[in-house]
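# Descriptive analysis of the structure
Take a look at the letters that make up each chain.
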Amino acid sequence: MIQLNDIKKVYFVGIGGIGMSAIARFFNEKGVKVSGYDKTVTPLTSQLEAEGIEVHYKEDVERIPKDVQLVVYTPAIPKEHKEYQYYLQNGYSVVKRSDVLQIITQSSLNICVAGTHGKTTISTMTGHLLRHSGYGCNAFLGGIAVNYNRNFWSQTPSSSGSSNNNVCVVEADEYDRSFHKLSPDIAVITSMDADHLDIYGTAEAMEEAFIEFTRKIKPGGWLISKHGLRRANDLVAANHITYHLNDVNATVHSKNLNVHNGSYLFDAAMNEWVLNDVQLNVGGLHNVENVLAAIAVAHILKIDDDKIRESVKAFKGVKRRFEYVIAPGEGDVTFVDDYAHRPEELNALITGTRSMFADQKLVLVFQPHLFTRTRDLADRFAESLDMADEVILLPIYPARELPIEGVTSELILNKMKLAKKQIMTKEELVNNVKQLVGEDTIQGGEVKSVVGEATNNGVVFITAGAGDIDALLPELKMKIEQK
């Protein structure tokens, strides 16, 4: 296996991916010459360029560096990609992102957060707690931390002035069994729900992959798993604790939970230890549960109680995880954007929204992600979306997949029981958003008044999905504010 110190130049095929860009930033901060390809210009690729990383946007073998020691690629790129094939056919060291994380984390204390939903938020919360408290860590995240506008940060000295805490916080990706390359000292499993069935085939096979992940935990290490997981007894760790929002049977849970001025106030209990008066300023009850897992990690690492409490209070969230585009009180419409793209995530998103805005109408726009996921989980998507007051479905975002005959957003729509539901193109959404959050809404091509049927206390407008729906946010915000 190639050693980190041997790498002077590295090239990324698909550098704009959230996980790929984190590793690119790691190398760039170490003084390694970094360059890469991506399909389109995005705010993230523009940031990489501003940081001194060369990025180009057209497949071109003539432009790629020939003197690199390492080539990193994302599984999302087509196998016939010209640059990928050139490096592969000419004997270069060509590896996946997970292989690089394996190299980086060989000698560090590793906190690895896995699960089919919630892992980005918990890994970001954990990285933030370690950074803000002065404990320090390298953080490789699958989202952008609002506090730092980054998906990667490097080890920082502890509050005592020591920089000996060689710690990595890593989002452990289950796709393609990537997380089996990691060796956690502390592992977190948020969920083992069926997903990526194009890779695993069955829900049982996916559960086996998570069980195998726990076998990678180092001797004497810790496992923190969501209370109530199927096959929890099959998970392997020397020290195994569980967490839950409020179930007292979980090792870690909340007590005295209240909502005040848009913040959650609670006590975090873990066996005999209680962290009183915790304040979380991020919306969604699921985020209270998420931060309990991060608090448990911090406590295991013996971080001071006051520093944990201060760090939680200072946490500003993750971009596209219950992110306010228009905050409460800025108008009669609250606008929330979220990455939710699985049924369980939509459940948490809608439930969390109801907990904060119980008397307001909830209008949700959902962009399904992947044809296979839509096909495999259509019933569960419909059940989740029915929890909203009104739903608009966009066409499926294909990502790495080709279309599948008979699989469209109508597959979900036709299974929904909700009365107020429809499919729109992105253009139709932008053109009609003022009606959707105003006095009227569009139904079947006609304008029908519905606000009076639901509530007169305002509207919460939510956009959700893992595709490119977030590209619409500036225009949607502008239209809503014009209303």
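Scope of this entry: the structure provided in the associated data block. Because the structure is a prediction, the values reported are computed rather than measured.

### Section: the overall build of the protein
Helix and strand content of the protein: 15 helices and 23 strands. Computed over the C-alpha atoms, the radius of gyration of the protein is 23 Å, within 12% of the 23 Å expected from 2.2 N^0.38 for a compact globule of 483 residues. Overall size of the protein, expressed as C-alpha extent along the three principal axes, is 65 × 60 × 40 Å. In the protein, which comprises 483 residues, the share counted as buried stands at 55%. Contacts in the protein between residues at least 24 apart in sequence constitute 65% of all its contacts with a sequence separation of at least 6.

### Quick word on the packing of helix 5 (residues 119-132) against helix 8 (residues 285-300)
Taken N-terminus to C-terminus, the directions of helix 5 and helix 8 make an angle of 45°; their axes are 9 Å apart at the nearest point. The angle between the axes of helix 5 and helix 8 places the two elements in the oblique class. Note that helix 5 runs across helix 8; the crossing there is right-handed. Between helix 5, through Thr121, Ile122, Met125, Thr126 and Leu129, and helix 8, the contact on the second element is made entirely by Asn287, Asn290, Val291, Ala293, Ala294, Ile295, Val297 and Ala298. Across the contact of helix 5 with helix 8, the residue classes tally to nine nonpolar, four polar and no charged.

### Topic: helix 3 (residues 82-89)
Turning to helix 3, its buried residues number three or more, namely Glu83, Tyr84 and Tyr87. All buried residues of helix 3 fall inside an arc of 100° around its axis, so they share one side. Exposed residues pointing more than 90 degrees away from the buried face of helix 3 are listed as Lys82 and Gln89. Of the surrounding secondary structure, the elements contacted by the buried residues of helix 3 are strand 1 (9-13), strand 2 (33-37), strand 3 (54-56), strand 4 (70-73) and strand 5 (94-96). Just downstream of helix 3, Gly91 is the residue with a positive phi angle, here 80°.

### Overview of the pattern of salt bridges
With the rule as written, the count across this model stands at 26 salt bridges. A salt bridge links Glu174 to Lys119; the nearest nitrogen and oxygen atoms lie 3.1 Å apart. Within this pair, whereas Glu174 is found in the loop between strand 9 (167-171) and strand 10 (186-189), its partner Lys119 is found in helix 5, the two being separated by 55 residues in sequence. Assessed through its relative accessible area of 0%, Glu174 is described here as buried. When its relative accessible area of 8% is taken as the criterion, Lys119 is described as buried. Across the salt bridge formed by Glu289 and Lys226, the nearest N and O atoms sit 3.2 Å from each other. In this pair, Glu289 sits in helix 8 while Lys226 sits in strand 11 (residues 222-226), placing the two residues 63 residues apart along the sequence. Residues joined by salt bridges that share partners form a network here, namely Glu207, Glu208, Arg230, Arg231 and Asp234.

### A closer look at the side chain of His253
Among the structural elements, His253 can be located in strand 13 (residues 252-260). In terms of polar contacts, His253 uses its side chain to reach the backbone carbonyl oxygen of Ala250, at 3.0 Å. Once residues lying within four places of it in the same chain are set aside, the contact partners of His253 are His244, Leu245, Asn246, Asp247, Val248, Asp267, Ala268, Ala269 and Leu292.

### Quick word on the packing of aromatic side chains
If you walk through the whole model with that rule in mind, you get 16 aromatic pairs. Aromatic side chains Phe140 and Phe152 sit 5.1 Å apart centroid to centroid with 45° between the ring planes, which places their arrangement in the tilted category. Here Phe140 is found in strand 7 (residues 138-145), whereas its partner Phe152 is found in strand 8 (residues 150-153), with 12 residues between them in sequence. Here Phe140 falls in the buried class, since its relative accessible area comes to 1%. Ring centres of Phe179 and Phe210 lie 5.1 Å apart, and the angle between their planes is 85°; on these two criteria the pair is classed as edge-to-face. Taken together, the residues span a long stretch of sequence, with Phe179 in the loop between strand 9 and strand 10 and Phe210 in helix 7 (residues 203-214) at a distance of 31 residues.

### A word on the sheet that holds strand 16 (residues 323-326)
Across a sheet, strands are paired by hydrogen bonds formed along the backbone, either parallel or antiparallel in direction. The mixed open sheet is built from six strands, whose spatial order is 16-17-23-18-19-20. In the strand order of this sheet, the two ends are held by strand 16 and strand 20 (421-423), each with one partner. With direction set aside, neighbouring strand axes in the sheet form an average angle of 20°. In this structure, strand 18 (residues 361-366) lies alongside strand 23 (residues 459-464), joined through six bridges in parallel fashion. Looking at the pairing, Leu364 lines up with Ile462 of strand 23.

### Considerations on the environment of Ile144
Topologically, Ile144 is positioned in strand 7. When its relative accessible area of 13% is taken as the criterion, Ile144 is described as buried. The spatial distance from the C-alpha of Ile144 to the C-alpha of Lys319 is 5.4 Å, given a sequence separation of 175 residues. Those residues in contact with Ile144 that sit more than four places away from it in its chain are Ile18, Asn149, Arg150, Asn151, Gly317, Val318 and Lys319.

Reading the values: rules and limits
Residues numbered from 1 in each chain as written. Predicted model: local features only at pLDDT ≥ 70, side-chain atom pairs only at ≥ 80, totals over all residues. Heavy atoms only, no water. Helix = DSSP H or I, 4+ residues; strand = E, 2+ residues; numbered from the N terminus. Rg over C-alpha atoms; globule rule 2.2 N^0.38 Å. Buried < 20%, exposed > 50% of the residue type's maximum accessible area, 1.4 Å probe, protein only. Contact = heavy atoms within 4.5 Å. Axes fitted to C-alpha atoms, helices over the stretch in contact; angles between N-to-C directions. Parallel < 35°, antiparallel > 145°, perpendicular 65-115°, else oblique. Left-handed = near helix turned anticlockwise from the far one by under 90°. Nonpolar A, V, L, I, M, F, W, Y, C, P; charged D, E, K, R; others polar. Arc of directions from axis to C-beta. Salt bridge = Lys/Arg side-chain N within 4 Å of Asp/Glu carboxyl O. Polar contact = N/O pair within 3.5 Å; in protein donor to acceptor, adjacent residues only side chain to side chain. Phe/Tyr/Trp six-rings, centres within 6.5 Å; stacked < 30°, edge-to-face > 60°. Pairing = 2+ DSSP bridges.

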